[in-house]
Each structure stands twice: as C-alpha cells, then as structure tokens.
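Working through the structure, step by step
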Amino acid sequence: MSTEMKRRIFLKRSLTASAVGVAAGAGLLAPQQILAAWNKAAFEAKEVPNALNALLGSSTTEPSEAIKIKAPDIAENGAVVPITVETTLPEVESIAIIASENPVPLVANFNLGKNAEGFVSTRIKMGKTGDVIGVVKSGGKLFSASKGVKVTIGGCGG
Amino acid sequence: MAKSTIKIRASEKAGVTTVKALMTHPMETGGRKDAKTGEKIPAHFIEEVVCKHNDEIVLTANWSGGVSKNPYISFKFSGGAKGDTIELSWTDNQGASDSKTAQIK
C-alpha cells in the first residue's frame, strides 16, 4: 500500500476516533441518552391526569385485566406500603405507579429494557386511603388497573 | 471506602433472573416538618435508579419522594445467566449517587 493510502487511512481513523471522542465528551454517546431524564413536570403534578400527560403524553388509559396490582387491602403503616405491578401485556415499555391521594400522585416510573419482564415491586408512601394505579405502556398504548388501599396511619408524617 | 448504600441479590431460574435490591436513603419528600423546629425538612430523595446486566441497561426507574425510606426494588428479566454481572446505581436530587455490582447466582 502506498504511503499516501496509509496516510489517508490513518487520518480517517484518527478523525473518526476524535469525532467519537468529541461526541462522547458532548454527552451524545453517553449512556444517559438511553435513560429518561427525571421528569420534573410529571413529578410535581398535583393531579393524576396532569402527571400522566407530562410523563406519558396522554392521560387516557384503557383498563386492562392483564395488569395485576398486588397491594395490601389495609396498610398498617402508610409510610411503607409494598406494591407489586405485574402484567402479561406484550412489549412493555414502562410501568408507572400512582397513589391517587398523595400530594404528588406520581410515585414511580420504571422504564423497561427489552429483556425486562412486566414485573416491578417496590414500597411506597401513601398519605391516606386511596387507589394505587398501575399504568403500563405496552406497544405504544397506555393501559391501567387500580387497587384501593386503606391506610390507617398516614405515610407522610402527618 | 464509604459504606455501600446498596444490597443486591440476583438469582436466575429457568431463564428468568429476579433482582432484588435494598437501598439506604432517607427519601424525604420535602413536605415533612421537623417536629422540634417546625421547619420543613428539605426534599432529599433518589430520583433515578439504573440497573445494568453485563453493561447493558435492563431497567431504569424515576422516583419521587413518594417511594418509601430505604427503598426496595425488585424486577425480572430474561437472558441472564449465573455468573453474569448486575450493576445497580442511584442518583438523588441533591446530586449524590452510589452504585454496586453483584453476580447472578
């Protein structure tokens, strides 16, 4: 190979490398790109429809029997209420957990990677008796199910 | 080295890996008042949790202060094998973060 060709390949390679370096430095290639940035509007919304709109772009959800919410009927301690949302819906992109009577209804949103199953479990605070709503984004559409939970002692220290 | 705030347990059975993690964090909503001073305790809670399997993101979670103190999370995914690495990291609203790795058993 002529020196000229080698020079060109070398230059091309180093340009590509530096381009990648610049892009990575600029945060374009950083893993952050795949992550959903913390959605301030959704997590500060005081009403459920506003939170869903800000988070998922719509507050219209279709009730689905394929979503099961496991939560205690009566929560002795509103500060720690175990919640599990399980769904058999296909292509689950995200699962959101909402406590309808909390000052900030949107409690958590889970973005599922392609190998993740439609199952999330966590513990949430519930200010008072109300519904726990699970909103599942499956195949681009929103589905939901809810379960009422009675809270005997409020979870926000009140 | 600072004590880790994360405990992870990951186990695989029939192709499905179940991950359970417990994090130590006050998870203050910002609405609670200090009993003695009457002043509001500033919001201090985990905003984002990222979980990776062999360096590929499996799940991310965005939380509000409505998640309980010392948060617990559990989820499942397929394609994991015993010995693979699981990494879980969190970032809170005050800019602090922590991460931990564990092997799938």
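Residues numbered from 1 in each chain as written. Chains lettered and ligands numbered in written order. Predicted model: local features only at pLDDT ≥ 70, side-chain atom pairs only at ≥ 80, totals over all residues.

A short note on the overall build of chain B
- Within chain B, the secondary structure is distributed over 0 helices and 7 strands.
- For chain B, the sequential pattern of α-helices and β-strands runs β-β-β-β-β-β-β.
- A burial count over chain B gives 37% of its 105 residues as buried.
- Counting contacts in chain B only where the partners sit at least 6 residues apart, residues at least 24 apart contribute 53% of the total. (Helix = DSSP H or I, 4+ residues; strand = E, 2+ residues; numbered from the N terminus. Buried ≥ 20, exposed ≤ 12 C-beta atoms within 10 Å, placed from the backbone. Contact = placed C-beta atoms within 7 Å.)

Brief notes about the interface of chain A and chain B
- Across the boundary between the two partners, chain A contributes 33 residues, which contact 28 residues of chain B.
- Secondary-structure elements contributing two or more residues to the side of chain A that touches chain B are β6 (106-112) and β7 (116-124) of chain A.
- Here the element with the most residues in the side of chain A that touches chain B is β7(A); it accounts for 8 residues.
- Classifying every residue of the side of chain A that touches chain B by side-chain character gives 21 nonpolar, 9 polar and 3 charged. (Nonpolar A, V, L, I, M, F, W, Y, C, P; charged D, E, K, R; others polar.)

A few points about the environment of Ser59(A)
All names here are of chain A.
- Looking at the element boundaries, serine 59 is found in the loop between α3 (48-56) and β1 (62-63).
- According to the C-beta neighbour criterion, serine 59 is partly exposed, with 16 such atoms within 10 Å.
- Taking C-alpha positions, serine 59 is 8.5 Å from leucine 142, a pair spaced 83 residues apart along the chain.
- When sequence neighbours within four positions are dropped, the list of residues in contact with serine 59 reads Pro49, Leu52 and Asn53.

So, the nonpolar core
- Grouped together as the largest cluster of nonpolar side chains are 60 residues, with contacts concentrated most on Ile97(A), Ile98(A), Leu106(A), Ala108(A) and Ile124(A).
- With 6 residues, the single largest contributor to this core is strand β5 (residues 92-99) of chain A.
- Once residues within four sequence positions are removed from consideration, Ile124(A) is found in contact with Val81(A), Ile83(A), Ile97(A), Ala99(A), Val107(A), Ala108(A), Gly66(B), Val67(B) and Ser68(B). (Core = buried A, V, L, I, M, F, W, Y, C linked by C-beta atoms within 7 Å.)

Observations concerning the pairing of strand β3 (residues 46-53) of chain B
All names here are of chain B.
- The buried fraction of β3 amounts to 6 of the 8 residues, a majority that puts the element mostly inside the structure.
- Summarising the sheet, β3 and strand β6 (residues 85-92) pair through 7 bridges and their orientation is antiparallel. The residue of β6 that forms the bridge with valine 50 is serine 89.
- When β3 meets strand β4 (residues 56-63), the two strands line up antiparallel, connected through 6 bridges. By the bridge assignment, lysine 52 is partnered in β4 with isoleucine 57.
- The turn linking β3 back onto β4 is made up of 2 residues, and asparagine 54 within it adopts a positive phi angle of 50 degrees. (Pairing = 2+ DSSP bridges.)

A word on the sheet that holds strand β4 (residues 81-87) of chain A
- Strand order across the open sheet formed by 6 strands is β2(A)-β4(A)-β7(A)-β5(B)-β2(B)-β1(B), with antiparallel pairing between neighbours. In this open sheet, the two strands that pair with only one neighbour each are β2 (67-70) of chain A together with β1 (6-13) of chain B. Averaged over all pairs of adjacent strands, the angle between strand axes in this sheet comes to 15 degrees, irrespective of strand direction. (Axes fitted to C-alpha atoms, helices over the stretch in contact; angles between N-to-C directions.)

What about α3(A)?
Residues and elements named next belong to chain A.
- Turning to α3, its buried residues number three or more, namely Ala51, Leu52 and Leu55. Taken down its axis, α3 places every buried residue within 95 degrees of arc, on the same side.
- Contacts from the buried residues of α3 go to α2 (40-44), β5, β6 and β8 (130-138).
- Following α3 by one or two positions, glycine 57 adopts a phi angle in the positive range, close to 85 degrees. (Arc of directions from axis to C-beta.)

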